[in-house]
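Each chain, written out:
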Amino acid sequence: KAGMTHIVRDVDKPGSKLHKKEVVEPVTILEAPPMVVVGFVGYVETPRGLRALTSVWAGHLSEECKRRFYKNWHNSKQKAFTKYQKRWQEAGKDGTPMAAEVERAKKYCQVIRAICHTQVGKIKIGQKKAHLKEIQVNGGTTEKKVDFVMGLFEQEVKVDSVFSQDEMIDSIGVSKGRGFEGVVTRWGVTRLVRKSHRGLRKVACIGSWHPARVQFQVPRSGQNGYGHRTEINKKIYRIGKSIKDDPNNAVTENDLTEKAITPMGGFSHYGEVTNEFVMLKGTTPGIRKRLVTLRKSLLPQVSRKAVEKISLKFIDTSSKFGHGRFQTSEEKAKFFGGAVTKKAKTEAKAEEKAEA
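Residues numbered from 1 in each chain as written. Predicted model: local features only at pLDDT ≥ 70, side-chain atom pairs only at ≥ 80, totals over all residues. Heavy atoms only, no water.

Caption draft 1: Expanded view of the nonpolar core. By size, the foremost hydrophobic cluster in this structure holds 32 residues, and its most contacted members are Phe40, Val56, Trp57, Tyr84, Val149 and Phe153. Sorting elements by how many residues they give to this core places strand S3 (residues 35-46) first, with seven residues. The contact partners of Val56, leaving out residues within four places of it in the chain, are Val38, Gly39, Phe40, Tyr84, Trp88, Met98, Glu101, Val102 and Phe153. Ile7, Phe267, Met279 and Ile315 belong to the second-largest nonpolar core, a separate cluster that totals 16 residues. (Core = buried A, V, L, I, M, F, W, Y, C linked by side-chain atoms within 4.5 Å. Buried < 20%, exposed > 50% of the residue type's maximum accessible area, 1.4 Å probe, protein only. Helix = DSSP H or I, 4+ residues; strand = E, 2+ residues; numbered from the N terminus. Contact = heavy atoms within 4.5 Å.)

Laid out in C-alpha cells, this is it:
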C-alpha cells in the first residue's frame, strides 16, 4: 500500500440522478511489482480436510526468497536449498528434474497451489526478505495444473495477467494497530456522568453476580486494531504500468498533463511508486508500506456498480503533505516563475566554469 489520492470521473448509470455527472472519489494506490513462481504444493483431500502431500521447488531461488527461511541472514551459512539445487542440476542432465515428486502430485493430488514470492527489493521500504504465498491454480485436470505451474517456474507473474480493469476484487490485510485502548475508544460505549466515582471512561457494570464470571460479550479494554481483515467488493479503477514502461502513467484522455502517479513530494511516509500499480476505489485495511493481498471475488459480480465501465477524467497528483495546489513541479514553476530564472543562472554558472 502506497497511499491514497482522488480521481474525477463521469458516472455511467442510466436512470440515476448522477448519470453523466462528474464525481470525485477517493482511491487507494497499491504498488504491485511482479511476483515470482518458485514452486508448487500438492494437496490430497481427506475426510479431515486438505493434507499437503508433496512440494516441488524451482532450481534457482533468489536471495530475497532464501532470506525468508532465516531469522538472521548475515550470521547464517546461507545454505538453504544448496543441496536441492545440486539434485535439480544432476537430474536436469539426464531427464526431468524431480520427476518422482511431480508424478506423485499428478497421480494423487486434487488441489495444486503455486508457491510465489514478492520482489520486495523493487519497493523501497527497506525490506530485503520476500513474502511467500501459496496461490491456488484452478481449471483443468491435475496433470494440466502441474504442467502449467512447472511452466511458470522462475517466471514473473504480472498483476495485469491476474486482474483486469473494472473487476471487483477482495482486499486482505492487517489493520492499523492502535495499541492498548480503553472501552470507550475500543467498543464505543458511552462515558459515565461527570461526577462518577473512580473515572468515567468505563463500563459501569461488567455483569451479574451469577454466572460468577465475566462474560465474553462484556466490553473490556485491551489491544485495538492490528487484526487480520478481509474487505470485499473493491473495484479496480486502473492497473498502471511501471515508470520504465510508461513514464506518464497518470495521464487520462481529458487531462493530458504528462505526469506519473506519484504525487508531488512522494506519497507521505512511503515515497515514489515506480513499479506497476493497482488503483482501487475507496480504502483498504492497513497502514502504508504494509502488505495487502488481492483476491478474486468469491461471488458472481452482476450488480450495476460491479459491471459499470470506468473511464477516469483526472487523477490528482498534488502534494499529500499540506494543501497541495499544483499537480506537477512544472506547473508550480510556471506559477511562481522560479524555474526559468534558476535555469538561466545555472547555465550562466556552467558557462563560467567552462571558461575558467
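After that view of the structure, there is still more to cover.
Caption draft 2: Highlighting the sheet that holds strand S2 (residues 22-31). With antiparallel pairing, seven strands are arranged side by side in an open sheet as S13-S8-S11-S12-S2-S1-S14. On the outer flanks of this sheet lie strand S13 (293-296) and strand S14 (312-315), each paired with one strand and no other. Sheet twist, expressed as the mean angle between neighbouring strand axes with direction ignored, is 45°. Two strands pair when backbone bridges link them, and S2 and strand S12 (residues 277-281) are joined in this way by five bridges, in the antiparallel orientation. Looking at S12, one finds that Val27 is bridged to Lys281. (Pairing = 2+ DSSP bridges. Axes fitted to C-alpha atoms, helices over the stretch in contact; angles between N-to-C directions.)

Caption draft 3: The arrangement of the side chain of Lys234 in detail. Of note, Lys234 is situated in strand S11 (residues 228-240). In contact with Lys234, other than residues within four places in its own chain, are Glu167, Met168, Ile169, Ser171, Leu280, Lys281 and Thr283.

Caption draft 4: Structural context of the pattern of salt bridges. Scanning all chains against the criterion turns up 15 salt bridges. With a shortest N-O distance of 2.9 Å, Glu308 and Arg9 are connected by a salt bridge. Of the two residues, Glu308 sits in the loop between helix H6 (304-307) and S14 while Arg9 sits in strand S1 (residues 3-10), which places them 299 residues apart along the sequence. You can call Glu308 buried: its relative accessible area is 7%. Overall, the relative accessible area of 5% leaves Arg9 in the buried class. Here Glu63 makes a salt bridge to Arg67, at a shortest N to O gap of 3.0 Å. Each of the salt bridges in this network shares a partner with another, and the network as a whole consists of Arg9, Glu25, Lys281 and Glu308. (Salt bridge = Lys/Arg side-chain N within 4 Å of Asp/Glu carboxyl O.)

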